[in-house]
Amino acid sequence: TTCLVHCAGWQISGKASAILRPSIPNARRNRLRTAKGSGVLRRFASMVATEGDNSSHVFDVFIEDTDCFGVVYNANYLKFFDRARQAALGVEKLASMQRSVPRTSGGSYGGQYMRLVENKEIKLSGSAVLGQHIKILSSFSPSPTDTSLTDWQQTLACNNTGLVLASSTATTFLGPASSSPSLQSLLQSAVFECEHTVWADDIDARQHLSDVSILKMMERNRNTALGGASDLARLQAEGFLIVVTHINNLKIDLGQKVEFGAKIKVRSTAATRKFQFTFQQELFLSDSLTPLAQAQVKCLSINSETKKPTPPPKWVLNGLGL
């Protein structure tokens, strides 16, 4: 199918906006506790760096990272930021912590894992392209209220020019299986809903949906809301692109358990203002009312040739009920 909700070589500004320090309510922080106690967390935390300033890592953009336009697919920025976080803490050290408890009968290790809790903001101010060398600068520090949480501020830039293409403000969890509180649905009404089958590559050994799989399911839901493959092809033929500019307040339930073959429902609402679409999206198991993940995704309607913001066709707005 044709996928147009991406970041297609457009550029608003050469500078990233100021990155704010992530803020997680104290109640949520205090409940991100583990069954093994804070003493174990402190001992394992000593194995990796607990803070750093502008830790630098360079990655190559391969064809597997890009869409049909040769630019990095929006969900893959999350992958690059996550790899930079792993590199900043030390891949070998993280792997050792993960193997610290032998495999269970189910085949997974019982040790310490790093997992995204919340991405307060991912801002896509430009596009990384096929063959480009990108440099990610990562600054991180421990949460003042929870030793298992780390706050991150990151920028992704062209390694040759230094032009900032994306930025991220995130919080990660480092420890054994957590007892994080359930997410609360923010949807007043589900205007658009679609169902996905969970494939084996969507989940890890702990039966958690991967972060990239979550964003891909949200992407498919937005594409469906915009009319599906035929209407997306029509939109492209008429000279329009819908590009992702922000992924805000991405939250993931650390206590999730998703079976291979399960049915996931993605629900969303949509709003528009001038050239911008705002989608509030959530994922649910088909028999549950509690979200597995949620995010607000902002998209921009642009002219496919000039890459400048332009009002979307009226038939698109009518299809969204706007």
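Structural notes, computed from the coordinates.

Observations regarding the overall build of the protein
Next, step 1: The number of helices and strands found in the protein is 7 helices and 11 strands.
Next, step 2: Expressed as a percentage of its 322 residues, the buried residues of the protein come to 53%.
Next, step 3: Counting only contacts in the protein whose residues sit at least 6 apart along the sequence, the fraction spanning at least 24 positions is 76%.
Next, step 4: Total accessible area on the protein stands at roughly 14,500 Å², and carbon and sulfur atoms take up 51% of it.

Things to note about the nonpolar core
Next, step 1: Counting residues in each nonpolar core, the largest one holds 58 residues, and the members touching the most others are Leu156, Leu209, Val258, Ile264 and Leu283.
Next, step 2: Leucine 209 has contacts with Arg115, Val198, Asp202, Ile203, Ile214, Met217, Gln256, Val258, Ile264, Leu283 and Leu292, leaving out every residue within four places of it along the chain.
Next, step 3: Counting residues in hydrophobic clusters, the runner-up holds 8 residues, among them Leu94, Met97, Met114 and Phe140.

Examining the environment of asparagine 76
Next, step 1: Here asparagine 76 shows up in helix α3 (residues 74-89).
Next, step 2: Between the alpha carbons of asparagine 76 and glutamate 64 there is a distance of 9.6 Å; along the sequence they are 12 residues apart.
Next, step 3: Apart from the residues lying within four places of it in its own chain, the contact partners of asparagine 76 are Glu64, Asp65 and Val212.

Concerning the packing of α3 against helix α4 (residues 91-98)
Next, step 1: For the pair α3 and α4, the least separation of the axes is 6 Å and the interaxial angle reads 90°. The angle between α3 and α4 places the two elements in the roughly perpendicular class. On the side of α3, the interface is formed by Gln86, Ala87 and Leu89, while α4 contributes Val91, Lys93 and Leu94.
Next, step 2: Here the contact of α3 with α4 is built from residues that sort into 4 nonpolar, 1 polar and 1 charged.

Some points on the pattern of salt bridges
Next, step 1: Per the counting criterion, the structure on display carries 8 salt bridges.
Next, step 2: Across the salt bridge formed by aspartate 82 and arginine 85, the nearest N and O atoms sit 3.5 Å from each other. Here aspartate 82 pairs with arginine 85, and both are found in helix α3, just 3 residues apart, close to one helical turn.
Next, step 3: On the basis of relative accessibility, which here comes to 22%, the residue aspartate 82 falls in the partly exposed class.

Brief notes about the pairing of strand β10 (residues 276-285)
Next, step 1: Along β10, 9 of the 10 residues are buried, which leaves the element largely enclosed by surrounding structure.
Next, step 2: Bridge count for strand β9 (residues 263-273) against β10 is 10 bridges, and the pairing is antiparallel. Residue pairing for β10: alanine 271 is matched across the bridge by threonine 278.
Next, step 3: Linking β9 to β10, which pair antiparallel, is a turn of 2 residues; within it lysine 274 sits at a positive phi near 55°.

Some points on helix α6 (residues 228-237)
Next, step 1: Taken residue by residue, α6 has Gly228, Leu232 and Leu235 as its buried positions. Axial view of α6: buried residues confined to an arc of 55°, hence all on one face. Those residues of α6 that are exposed and angled more than 90 degrees off the buried face are Ser230 and Ala237.
Next, step 2: Along its buried surface, α6 packs onto α5 (211-225), β8 (240-252) and α7 (314-319).
Next, step 3: Positive backbone phi, approximately 90°, marks glycine 239, located one or two places after α6.

Section: the environment of histidine 246
Next, step 1: Tracing the backbone through its elements, the reader meets histidine 246 in strand β8.
Next, step 2: Linking histidine 246 and isoleucine 122, residues 124 residues apart in sequence, is a C-alpha distance of 5.5 Å.
Next, step 3: Not counting residues up to four positions away in its chain, the partners in contact with histidine 246 are Glu121, Ile122, Lys123, Gln296, Val297 and Lys298.
Next, step 4: Polar contacts involving the side chain of histidine 246 include one to the side chain of threonine 245, which spans 3.1 Å.

As for the packing of α3 against α5
Next, step 1: Their axes nearest at 9 Å, the elements α3 and α5 cross at an angle of 165°. Judged on the interaxial angle alone, α5 and α3 are roughly antiparallel. Classified by chirality, the crossing of α5 by α3 is right-handed. Contacts from Asn74, Ala75, Asn76, Leu78 and Lys79 in α3 reach Asp211, Val212, Leu215, Glu219 and Arg222 in α5.

Rules used in this analysis
- Residues numbered from 1 in each chain as written.
- Predicted model: local features only at pLDDT ≥ 70, side-chain atom pairs only at ≥ 80, totals over all residues.
- Heavy atoms only, no water.
- Helix = DSSP H or I, 4+ residues; strand = E, 2+ residues; numbered from the N terminus.
- Buried < 20%, exposed > 50% of the residue type's maximum accessible area, 1.4 Å probe, protein only.
- Contact = heavy atoms within 4.5 Å.
- Areas by Shrake-Rupley, 256 points an atom, 1.4 Å probe, with all protein chains shown as cover.
- Core = buried A, V, L, I, M, F, W, Y, C linked by side-chain atoms within 4.5 Å.
- Axes fitted to C-alpha atoms, helices over the stretch in contact; angles between N-to-C directions.
- Parallel < 35°, antiparallel > 145°, perpendicular 65-115°, else oblique.
- Nonpolar A, V, L, I, M, F, W, Y, C, P; charged D, E, K, R; others polar.
- Salt bridge = Lys/Arg side-chain N within 4 Å of Asp/Glu carboxyl O.
- Pairing = 2+ DSSP bridges.
- Arc of directions from axis to C-beta.
- Polar contact = N/O pair within 3.5 Å; in protein donor to acceptor, adjacent residues only side chain to side chain.
- Left-handed = near helix turned anticlockwise from the far one by under 90°.

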